[in-house]
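Here is how the chains run, residue by residue.
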Amino acid sequence: MPESPDPPSYEDLAALVVAQAAQLAEQATLIEAMRTELAALARAAGRDSSNSSQPPSQDGPAAKAKVRAKQTGIEQPPAGESAGQAGRPSSGG
């Protein structure tokens, strides 16, 4: 029967715990930095000329379409719904 390797010593296990604790602390710091960056990016992504000091020429296509729809009074249908006339039966497909 083959011999099993010696179990790690208390000192080896204690050193491993210390190394893992340091790694966890480093990861927690990195996660917090990433959360902060994500929040900043989310705020920046939601900005357009209607809610910031950004000029309208810097708006993306989606913001421009939203402004045009408001100006013309056209309401965009919710995702998944057609833009056909109300009350008219669908083509059924």
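Here, the structure is the one placed above.
The rules behind these values
Residues numbered from 1 in each chain as written. Predicted model: local features only at pLDDT ≥ 70, side-chain atom pairs only at ≥ 80, totals over all residues. Heavy atoms only, no water. Helix = DSSP H or I, 4+ residues; strand = E, 2+ residues; numbered from the N terminus. Buried < 20%, exposed > 50% of the residue type's maximum accessible area, 1.4 Å probe, protein only. Areas by Shrake-Rupley, 256 points an atom, 1.4 Å probe, with all protein chains shown as cover.

Engineer: Looking at this structure, how should I read the overall build of the protein chain?
Structural biologist: Looking only at helices and strands, one finds two helices and zero strands in the protein chain. Across the 93 residues of the protein chain, 4% fall into the buried class. Per element, the accessible surface of the protein chain, about 8600 Å² overall, is 59% carbon and sulfur.

Engineer: Just to check I follow, could you spell out the environment of Gln58 for this structure?
Structural biologist: As for its placement among the helices and strands, Gln58 is situated in the loop between α1 (10-45) and α2 (61-72). The spacing of Gln58 and Asp48 is ten residues in sequence and 7.8 Å in space, taken between C-alpha atoms.

Coordinates in, geometry out; function isn't part of it.
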